[in-house]
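Architecture at a glance
Letter by letter, the chains look like this.
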Amino acid sequence: CKEMIVANGFQAMITQHSWMFLATFEKLRKKMLQMDIVNMAHLGARAFEEIGGEVVQTVAFVQRESYVPEYNGSYCRLISATTPKGKEELFIKKDTLYTANQADFKNIAGSPIAYWTSSHVFKLFSEDCLRSHIDARNGMSTTDNNRFLRFWPECSFEKIGFSSKSAEQAKVSQKKWFPYNKGGEFRRWYGNNSYVVNWFNDGEEMKKCVTENYGSYSKELRSEDKYFAEGISWSALSSGNISMRYSEPGYIFDSKGSKAFMRDETNVFLILSYLNSCVAQHFLGILSPTLDYNNGNIEKLPYISTKNDDVIIDLGIDAEEQSKADWDSFEVSWDFKKHPLLRNVSTIYEAFTLWQSECEDRFNQLKTNEEELNRIFIDIYGLQDELTPEVEDKDVTVRKADLGRDVRSFISYAVGCMFGRYSPTYDGLAYAGGTWDDGKYNIYKPDADGIIPICDDEYFEDDMMGRFVEFVRVVYGDSSLEDNLRFVANALGGKGQPKEVIRNYFLNDFYADHCKIYQKRPIYWLFDSGKKNGFKCLIYLHRYQPDTIARIRTDYVHEQQARYRTAIADLETRIANASTGERVKLNKQLKTLNDQATEIHEYEEKIHHLADQMISIDLDDGVK
C-alpha cells in the first residue's frame, strides 16, 4: 500500500492486531513508524458479528505517506467492549480516546504500538531494564512428551530424584525421573509442581532420541547449563495476568515453563516480588497485550534498584511460604504430609473449623503481603496516578476452605490409607513403589491384597464403605463415629441415611473425582462391570501384580456371584409368601439383582481372558 500511494496520500486498513506487539513483527513496525499513524480504532475481539471468540483481534487504522517528527495521532481503545454495538457506543463516547506521539513508541524495546501509555512510563522504559539482573531462558522441548514426561504420582517414588540439586548430583544419583517446571494454571509464588522428566544418566535416552530425529539435540534441549538451578518459573502463554513462582534448585524446565535466573548477587525473592506486583503487570500489558509472556518481554521490563530491598525480600519470602503451605496441604504435592482434617480432635467438624480458620488467615496474609508489595513498587516507580495497590480476592492464589471439596479430599486420603499409600501416623507417602514397610502402619492396617470392592450393599466386610467407617472410627474414636459419618454425608449432599449417602458416593462419584484430581492419570484403577453396578472394585497402581486380575476374579467376582445367587433365592422365597403390596416391592428388588447377576456373569468372562494372560506392567510406562 505504501508503494501505491502518492506523497501525503492516505491508506486505511483493517488487520489483526498482532503486528502492533509481537516480536516477529518488529521489523515491520519500524517500517510502519516511518509513516504517520493518523488515527486508529483498536477493536480487539468480537468486532464483527460473523467472527466470534478471542482468537481474531482486529485493529482499524489510517496512515499517511509522510513522516512528521513528534506527530500526535488519535487512538481509540475499544477492546473492553464485547459486541460490535458496544464498541460503536464506546467509540462515540470518546471515553477511551488517546493522543500519542508515535516517536515515544521507540523508547520501548521492540517499539510496540502502546498508544495508551503515559509519558512517565515511556520514560521508565528508556532507563535500566530487568535484563541487567536476570537471565530469562526457554527450556527443553522433549519432542515426545508421552515418552519422556510423567505426572509424578504415576512413577515409583523411589525413582524420582528430588534431592538432586545439580546435573552432577542427578547423574550420580542414578535416579530416572526429575522435577520439571511446565507452566500450568494461574498460581503465584509457589506450586504447579506436577511433572517429572526422564533425565536418567544426564538425559542419555532423550538426547539419543532427539539426535536421531533432528540431527542434533542442542536446539531442542535448550539451556542445559541452567538445568537444576534456582530461579523463577512462569507460564509463557496465559489467558490473563502472569503468575510467577519460586523454583528451588533441582528442576529441569520446559519451553512453555520459562525460567529466569539471577545474575550476580541479585536476590531471587526481590525479583519474584517485583514480577508478581501490579507494576510489572502494568508494564507487561504494554509489552505483551497478546498475553504471550515470552522471555524477551520479561527482560525488557523497567527496573529500578531500591533501598527497601530487605522489606521486599521478607514480604516475598513470606508470600512464597504461604503459597507452599497451601500447595502442600493436598495430595497432588510430593511434599504432602497428612490430610489437614487429621487433627487432635474428636470430630471432623472441629477439624474442619480449625482448617477453615487456618485457610482464612493464610489467604488474608498473602493478600496483605501482595498489597503491601504493590504499594512499595507503585511508590518506587511513581505510578500513584495510574495504579492502585488493591488485590482482588480472585487473584489471591491460595485456597479458602471449601466443605464439599475438602471432605472429598479427606475421603481420597482415607482411600489412600486403605491401600497403604498413606498412613495416619506416618508423614508423607508410606508406599508408592519400592519396598513395603509394615512398620509404617500401626493404628490402621492397609488392605491385605490391595483389592477393595465397591458394593451397593454389605456383600463384603472389607468393602470400601466398611473400610471407610473403620478409618473414621480409628482416627476420631468410637464415641463420635455416627456424628462424623453424618458430617461427611451432609458435606457430600444427597438423600438417605449417612452410610447410604457415603456408599452412593463411592459407587457413583468417587472415581470421577479421582480422575479429575490426577489429571486423567489415575493411580487407583477401577474394575467396573457396567451400569447395573454388578461388580466394582479399586486396585492401587503401585501394588499391582501379574496375578491381581486373577485374584479379583476368584476372590471377589466369584464371591459376588455366589452372594447374588443366595440373595435371589432368598427373595424368590419371600415373594412366594408375600402379600400383594409387598410382592411388588420385592419383585423390583429381584429384577435389580437379576440384572446385576447377568452383568457380572458377562464381566467374569472378560476378566477371565485377562487373568489368564498374567499381564505385567512397568510403572515407568505411565498410566496414559
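This text goes with the structure placed above it.
Below is a short write-up of the structure. Note that this is a predicted model, so its numbers are computed, not measured. (Residues numbered from 1 in each chain as written. Predicted model: local features only at pLDDT ≥ 70, side-chain atom pairs only at ≥ 80, totals over all residues. Heavy atoms only, no water.)

Right, let's talk about the overall build of the chain for a bit. When you go through the chain residue by residue, the secondary structure sums to 18 helices and 16 strands. If you line up the chain on its principal axes, its C-alpha atoms span 105 × 65 × 55 Å. Sorting the 624 residues of the chain into buried and exposed places 52% on the buried side. Long-range contacts, defined as pairs at least 24 residues apart, comprise 70% of the intrachain contacts of the chain with a sequence gap of at least 6. (Helix = DSSP H or I, 4+ residues; strand = E, 2+ residues; numbered from the N terminus. Buried < 20%, exposed > 50% of the residue type's maximum accessible area, 1.4 Å probe, protein only. Contact = heavy atoms within 4.5 Å.)

What follows covers the packing of helix H13 (residues 464–476) against helix H14 (residues 481–492). A pair of packed helices is captured by two measures, namely the crossing angle of their axes and the spacing between those axes. Running from amino to carboxyl end, H13 crosses H14 at an angle of 120°, the nearest separation of the two axes being 10 Å. In terms of their interaxial angle, H13 and H14 are classed as oblique. The crossing of H13 and H14 is right-handed. Facing H13, whose interface residues are Phe 468, Val 469, Val 472, Arg 473 and Tyr 476, H14 presents Leu 481, Asn 484, Leu 485 and Val 488. Looking at the contact of H13 with H14 residue by residue, the class counts come to seven nonpolar, one polar and one charged. (Axes fitted to C-alpha atoms, helices over the stretch in contact; angles between N-to-C directions. Parallel < 35°, antiparallel > 145°, perpendicular 65-115°, else oblique. Left-handed = near helix turned anticlockwise from the far one by under 90°. Nonpolar A, V, L, I, M, F, W, Y, C, P; charged D, E, K, R; others polar.)

Two elements in contact, helix H17 (residues 548–576) and helix H18 (residues 580–611), have axes separated by 9 Å at closest approach and are oriented at 160°. Viewed along their axes, H17 and H18 adopt a mutual orientation that is roughly antiparallel. Handedness of the crossing formed by H17 with H18: left-handed. In terms of residue class, the contact of H17 with H18 is built from 17 nonpolar, nine polar and six charged.

Moving on, we come to the packing of aromatic side chains. Taken as a whole and assessed by the stated rule, the structure comprises 47 aromatic pairs. Between Tyr 274 and Tyr 303 the ring centres are 5.5 Å apart and the planes differ by 70°, which places this aromatic pair in the edge-to-face class. Taken together, the positions of Tyr 274 in helix H7 (residues 268–275) and Tyr 303 in the loop between helix H9 (295–299) and helix H10 (309–327) put the pair 29 residues apart, joining distant regions of the chain. Judged by its relative accessible area of 6%, Tyr 303 is buried. Of the aromatic side chains, those joined through ring pairs into one cluster are Phe 336, Phe 410, Tyr 413, Tyr 422, Tyr 444, Phe 468, Phe 471, Tyr 476, Tyr 505, Phe 506 and Phe 510. The ring of Trp 116 carries the charged tip of Arg 77 above its face, separated from the ring centre by 4.0 Å. Just above the ring of Phe 363 sits the side chain of Lys 400; from NZ or CZ to the centre is 4.5 Å. (Phe/Tyr/Trp six-rings, centres within 6.5 Å; stacked < 30°, edge-to-face > 60°. Lys NZ or Arg CZ within 6 Å of the ring centre and 35° of its normal.)

Next up on the list: the environment of Phe 487. With respect to the secondary-structure elements, Phe 487 resides in helix H14. On the basis of relative accessibility, which here comes to 15%, the residue Phe 487 falls in the buried class. C-alpha separation for the pair Phe 487 and Leu 619, spaced 132 residues apart in sequence, amounts to 37 Å. Residues within four places of Phe 487 in sequence aside, it is in contact with Ile 348, Tyr 349, Phe 352, Leu 403 and Val 407.

Right, let's get into helix H16 (residues 510–517). Those residues of H16 that sit buried are Phe 510, Tyr 511, His 514 and Cys 515. End-on view of H16: buried residues confined to an arc of 130°, all on one side of the axis. Relative to its buried face, H16 has exposed residues pointing more than 90 degrees away, namely Ala 512 and Lys 516. After H16 finishes, the residue Gln 519 shows a positive phi value of roughly 50°. (Arc of directions from axis to C-beta.)

Let us now look at the pairing of strand E4 (residues 72–77). Residues in a regular strand project their side chains so that they alternate between the two faces of the sheet. For strand E2 (residues 36–45) and E4, the ladder comprises four bridges, and the chain directions are parallel. Along E4, the bridge assignment pairs Ala 41 with Cys 76. (Pairing = 2+ DSSP bridges.)

Quick reminder: α-helices carry 3.6 residues per turn. Residues three or four places apart thus point the same way. Taking 1.5 Å as the rise per residue, helix H12 (residues 403–419) with 17 residues should run 24 Å; its terminal C-alpha atoms sit 25 Å apart, in good agreement. Where burial is concerned, most of H12 is hidden: 14 out of the 17 residues are buried. Trailing H12 by a residue or two, Gly 420 shows a phi angle of about 90°, which is positive. (Expected span 1.5 Å × (residues − 1).)

Ordered in space as E14-E16-E15, the three strands form an open sheet in which the pairing is antiparallel. The open sheet has two edge strands, strand E14 (451–453) and strand E15 (524–528), and neither has a second partner. Pairwise comparison of adjacent strand axes, ignoring direction, gives a mean angle of 25° for this sheet. Both E14 and strand E16 (residues 536–540) contribute to a ladder of three bridges, which runs antiparallel. In the strand pairing of E16, Ile 452 is matched with Leu 538.

Time to look at the state of the cysteines. In this structure the tally under the stated criterion is zero disulfides. Take Cys 155: it sits in no disulfide, and the sulfur closest to it among the cysteines is that of Cys 515, at 18 Å. (Disulfide = S-S within 2.5 Å.)

Here we have four strands laid out as an open sheet, ordered E7-E9-E8-E12, and mixed in their pairing. Only two strands of the sheet have a single partner each, and these edge strands are strand E7 (149–151) and strand E12 (252–253). Bridge count between strand E8 (residues 177–181) and strand E9 (residues 195–198): four bridges; the pairing is antiparallel. Within the sheet, the bridge partner assigned to Trp 177 lies in E9 and is Asn 198.

We now examine unusual backbone geometry. Phi is positive for Lys 94, which is not a glycine, with a value near 65°. Mapped onto the secondary structure, Lys 94 falls in the loop between helix H2 (84–93) and strand E5 (97–101). A positive phi angle, near 60°, is found at Asn 533, a position not held by glycine. Tracing the backbone shows Asn 533 in the loop between E15 and E16.

Before going further, it helps to examine a nonpolar patch on the surface. On the surface, Ile 14, Phe 48 and Ile 51 cluster together into a nonpolar patch covering about 250 Å² of accessible area. Following the sequence through the fold, Ile 51 ends up in the loop between E2 and strand E3 (57–64). (Patch = residues over 30% accessible without salt bridge, like charges linked within 9 Å, V, L, I, M, F, W, Y side chains within 5 Å. Areas by Shrake-Rupley, 256 points an atom, 1.4 Å probe, with all protein chains shown as cover. Salt bridge = Lys/Arg side-chain N within 4 Å of Asp/Glu carboxyl O.)

Time to look at the pattern of salt bridges. Applying the stated criterion across every chain, the model contains 35 salt bridges. When the shortest N-O distance is used, the salt bridge between Lys 367 and Asp 393 registers 2.6 Å. Here Lys 367, found in helix H11 (residues 348–381), pairs with Asp 393, found in the loop between H11 and H12; they are 26 residues apart in sequence, far enough to count as distant. For Asp 393, a relative accessible area of 41% corresponds to the partly exposed category. We note a salt bridge from Asp 463 to Arg 503, for which the minimum N-O separation is 2.8 Å. Of the two residues, Asp 463 sits in the loop between E14 and H13 while Arg 503 sits in helix H15 (residues 498–508), which places them 40 residues apart along the sequence.

In short, shape yes, function no, at least from these values alone.
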